Amino acid sequence: MNKKKIISTAVMMGMILALTSCMSENGVTAHSTDISTETVSSSDGSAVVTDSSGSTTDTASNASGDADATKKKNKKKDKIVKIKISAAGDCTLGVDSRFNNRFNQKYDEKDSSYFLKKVKKVFSKDDLTIVNLEGTLTNSTNRAVKTFTFKGKKSYTKILTKGSVEAVTIANNHTMDFGNQGFKDTKKAVRDAGIKCFGYDDISYKTIKGEKIAMIGVNALPSQGKKDSYVKQLIKKAKKKKPDLIIIYFHWGIEGDARPNSTQTHLAHKSIDWGADLVLGSHPHVLQGIEKYKGRYIVYSFGNFCFGGNSNPGDKDTMIFTQTFTFKNKKLTAKNDAKVIPCSVSGVKYTNDFQPRILSGSEKTRVRNKINTRSKGMHTKIKKNGSLT
């Protein structure tokens with residue numbers, strides 16, 4: 001019998017003796033009641049109290065049961081939170097009026113809900129949708145001297161809100177198409193519509209289900225110079241706000257290239273090394289591969305999406321990337337739950353009607369295979385059901 005059990009038995013016997021003594025002093029014997037008790041030691045050494053009715057009480061078991069109940073009561077239940085993010089590519093909500101006015105005409109013919117109608121079923125079911133807003137929303141006439149300059153009406157933000165887009169990056173080579181005024185007007189129009197607007201030195205934060213998400217946008221085209229220290233400082237800046245998730249959206253690469261260049265892969269890897277949880281990319285206007293690096297995904301290029309900048313692009317393939325992030329007690333877990341949804345920038349094949357659609361059948365398979373081919377050596381693959389390994 002161990003020391004605890006000896007003490008337990010002694011305490012019980014002492015209580016019984018005290019009770020008997022008290023009853024005797026008052027002229028009552030234990031036998032004058034209908035119940036007599038006896039304390040014995042069980043085979044495991046615990047104290048067992050037996051009354052005259054044959055009922056027994058195992059004091060050790062009671063103590064153990066009480067302890068288990070206390071543990072269960074004190075143990076906090078793990079808090080599991082799931083947040084689904086969707087992302088897509090270049091959205092140019094407007095035109096270069098020197099070439100055509102088709103996007104504006106389509107807006108006037110239809111309404112704001114027309115453009116993202118065929119993909120809204122994806123965007124409306126997530127917690128956050130992010131796209132690249134490639135162009136300006138302004139009345140400015142101060143056109144930059146360049147090949148293409150894109151401008152739309154400020155009211156075109158309704159295309160985003162009606163389509164369930166909650167955040168845009170404006171870190172690209174077209175947000176300054178109409179100078180500083182055009183840039184300021186665009187940011188104001190987007191924010192006035194209740195949409196998160198991030199890029200360059202502006203980091204946006206959005207709290208969803210108690211988890212804080214930081215969104216960083218970087219223009220990393222060659223004209224912007226080396227970006228290593230700049231990106232590192234942006235991520236460091238974001239971390240000061242103690243986000244639970246960091247997403248960085250780059251504008252980079254070479255137009256038309258099917259594979260990322262060394263600058264893209266270098267910045268993507270470094271971003272994850274420095275703390276990014278998801279890396280997204282645009283600018284090539286075509287699909288590039290997807291990489292898995294240190295358990296994090298890198299989408300090198302989405303291609304175009306809702307693209308008013310070209311009335312009939314030769315390559316209409318695009319995609320929506322989705323990932324569900326799981327947090328346990330505010331810590332991001334290693335669960336992989338990412339998916340690719342092959343799409344086209346247009347609802348029809350012969351032209352651009354500016355209404356991206358989800359592909360099916362052989363078209364879906366072709367685009368999935370195309371992305372997988374361009375992702376060779378990148379440690380991930382799209383399965384038939386769209387899930388990423």
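Refer to the structure printed above.
This is a predicted model, so every value here is computed, not measured.

Chemist: How would you sum up the overall build of the protein chain? Please name residues and give values.
Modeler: Tallying secondary structure elements over the protein chain gives nine helices and 20 strands in all. Buried residues in the protein chain amount to 48% of all 389 residues. Across the protein chain, every contact between residues at least 6 apart in sequence was considered, and the portion connecting residues at least 24 apart equals 69%. With the model as given, the accessible surface of the protein chain reaches about 19,100 Å², and the carbon-plus-sulfur share is 51%.

Chemist: How would you summarise a positive patch on the surface if you had to cite specific residues and measurements?
Modeler: On the surface, Lys-232, Lys-236, Lys-240 and Lys-270 cluster together into a patch of positive charge. Structurally, Lys-232 is set in helix α7 (residues 228-239).

Chemist: Which residues make up the packing of α7 against helix α8 (residues 262-274), and what values do they have?
Modeler: Contact pair α7 / α8: the axes reach a minimum separation of 10 Å and the direction vectors enclose 30 degrees. Between α7 and α8, the interaxial angle falls into the category roughly parallel. Here the hand of the crossing between α7 and α8 comes out right-handed. Where α7 approaches α8, its residues Asp-228, Val-231, Lys-232, Ile-235 and Lys-239 are matched on the opposing element by His-266, Leu-267, Ser-271 and Trp-274. Classifying every residue of the contact of α7 with α8 gives four nonpolar, two polar and three charged.

Chemist: So what's going on with the pattern of salt bridges? Residues and values would help.
Modeler: Opposite charge on two side chains allows them to pair when their charged atoms are near. Enumeration according to the criterion identifies 18 salt bridges in this entry. Ionic pairing is found between Lys-328 and Asp-78, a salt bridge with its closest N-O pair at 3.6 Å. With Lys-328 in strand β17 (residues 317-328) and Asp-78 in the loop between α2 (59-74) and β4 (80-92), this pair connects stretches of sequence that are 250 residues apart. Residue Lys-328 is classed as partly exposed on the basis of its relative accessible area of 40%. Taking relative accessible area as the criterion, Asp-78 reaches 42% and is therefore assigned partly exposed. The salt bridge partner of Lys-370 is Asp-315, with a shortest N-O separation of 3.2 Å. Taken together, the residues Lys-370 in helix α9 (residues 361-374) and Asp-315 in the loop between β16 (304-307) and β17 connect sequence positions 55 residues apart. Because the salt bridges share partners, they merge into one network encompassing Asp-315, Asp-317, Arg-366 and Lys-370.

Chemist: Residue-level account of the environment of Thr-389, with values.
Modeler: Looking at where Thr-389 falls in the secondary structure, it is placed in the segment after α9. Under the relative-accessibility criterion, Thr-389 is labelled partly exposed at 40%. Sequence separation of Thr-389 and Asn-336 is 53 residues, and the distance between their C-alpha atoms is 7.8 Å. Ignoring sequence-local partners within four residues, the contact set of Thr-389 consists of Lys-292, Tyr-297, Thr-380, Lys-381 and Lys-383.

Chemist: Could you give an account of the sheet that holds strand β12 (residues 245-251), with specific residues and numbers?
Modeler: Adjacent strands of a sheet form backbone hydrogen bonds with each other and so pair up, either parallel or antiparallel. The six strands lie next to each other as β10-β11-β12-β13-β15-β14, forming an open sheet whose pairing is mixed. On the outer flanks of this sheet lie β10 (204-208) and β14 (290-293), each paired with one strand and no other. Strand-to-strand twist across the sheet, computed as the mean angle between neighbouring axes with direction ignored, equals 20 degrees. With seven bridges joining them, strand β11 (residues 211-219) and β12 adopt parallel strand pairing. Counterpart to Ala-214 in the pairing with β12 is Ile-246.

Chemist: Can you tell me about the environment of Arg-374, naming the residues and giving the values?
Modeler: By the secondary structure assignment, Arg-374 is in helix α9. In this structure, the C-alpha to C-alpha distance between Arg-374 and Leu-287, residues 87 residues apart in sequence, is 8.3 Å. Those residues in contact with Arg-374, other than ones at most four positions away along the chain, are Ala-258, Arg-259, Val-286, Leu-287, Gln-288 and Gly-289.

Chemist: Lay out unusual backbone geometry with the relevant residues and their values.
Modeler: Glycine aside, negative phi is the norm for most residues, and most peptide bonds take the trans geometry. Positive phi is not limited to glycine here, since Phe-354 has a value of about 65 degrees. Summarising the element assignment, Phe-354 is placed in the loop between β19 (338-344) and β20 (357-358). Judged by its relative accessible area of 0%, Phe-354 is buried. Of note, His-379 is a non-glycine position whose phi angle comes to about 70 degrees, a positive value. Within the secondary structure, His-379 sits in the segment after α9.

Chemist: Can you tell me about the environment of Ile-290, naming the residues and giving the values?
Modeler: Within the secondary structure, Ile-290 sits in strand β14. The exposure class of Ile-290 is buried, given its relative accessible area of 0%. Note: C-alpha distance between Ile-290 and Asn-372 (82 residues apart in sequence) is 8.0 Å. Residues contacting Ile-290, with those up to four places away along its chain left out, are Tyr-297, Ile-298, Val-299, Met-319, Val-340, Ile-371, Ser-375, Met-378, Thr-380 and Leu-388.

Chemist: Give a description of the side chain of Ser-346 that names residues and reports values.
Modeler: You can see Ser-346 is positioned in the loop between β19 and β20. Classification of Ser-346 by relative accessible area gives buried; the value is 0%. Polar side-chain contacts of Ser-346 include one of 2.9 Å to the backbone oxygen of Val-348. Among the polar contacts made by the side chain of Ser-346, one reaches the side chain of Asp-353 at a distance of 3.0 Å. Beyond its immediate stretch of four places on either side in the chain, Ser-346 contacts Lys-316, Thr-351, Asn-352, Asp-353, Gln-355, Pro-356 and Arg-357.

Chemist: Could you give an account of helix α3 (residues 102-109), naming the residues involved and the relevant values?
Modeler: Regarding α3, the residues found buried are Phe-103, Asn-104, Lys-106 and Tyr-107. Along the axis of α3, the buried positions cluster into a sector of 160 degrees, meaning they face one direction only. Residues of α3 that are exposed and angled more than 90 degrees away from the buried face: Asp-108 and Glu-109. As for α3, its buried residues are in contact with β4, α5 (157-162) and β16.

Reading the values: the criteria
Residues numbered from 1 in each chain as written. Predicted model: local features only at pLDDT ≥ 70, side-chain atom pairs only at ≥ 80, totals over all residues. Heavy atoms only, no water. Helix = DSSP H or I, 4+ residues; strand = E, 2+ residues; numbered from the N terminus. Buried < 20%, exposed > 50% of the residue type's maximum accessible area, 1.4 Å probe, protein only. Contact = heavy atoms within 4.5 Å. Areas by Shrake-Rupley, 256 points an atom, 1.4 Å probe, with all protein chains shown as cover. Patch = residues over 30% accessible without salt bridge, like charges linked within 9 Å, V, L, I, M, F, W, Y side chains within 5 Å. Salt bridge = Lys/Arg side-chain N within 4 Å of Asp/Glu carboxyl O. Lys, Arg positive; Asp, Glu negative; His and termini not counted. Charge placed at Lys NZ, Arg CZ, Asp CG, Glu CD. Axes fitted to C-alpha atoms, helices over the stretch in contact; angles between N-to-C directions. Parallel < 35°, antiparallel > 145°, perpendicular 65-115°, else oblique. Left-handed = near helix turned anticlockwise from the far one by under 90°. Nonpolar A, V, L, I, M, F, W, Y, C, P; charged D, E, K, R; others polar. Pairing = 2+ DSSP bridges. Polar contact = N/O pair within 3.5 Å; in protein donor to acceptor, adjacent residues only side chain to side chain. Arc of directions from axis to C-beta.

Everything listed here is a matter of coordinates, which is why it stays silent on function.
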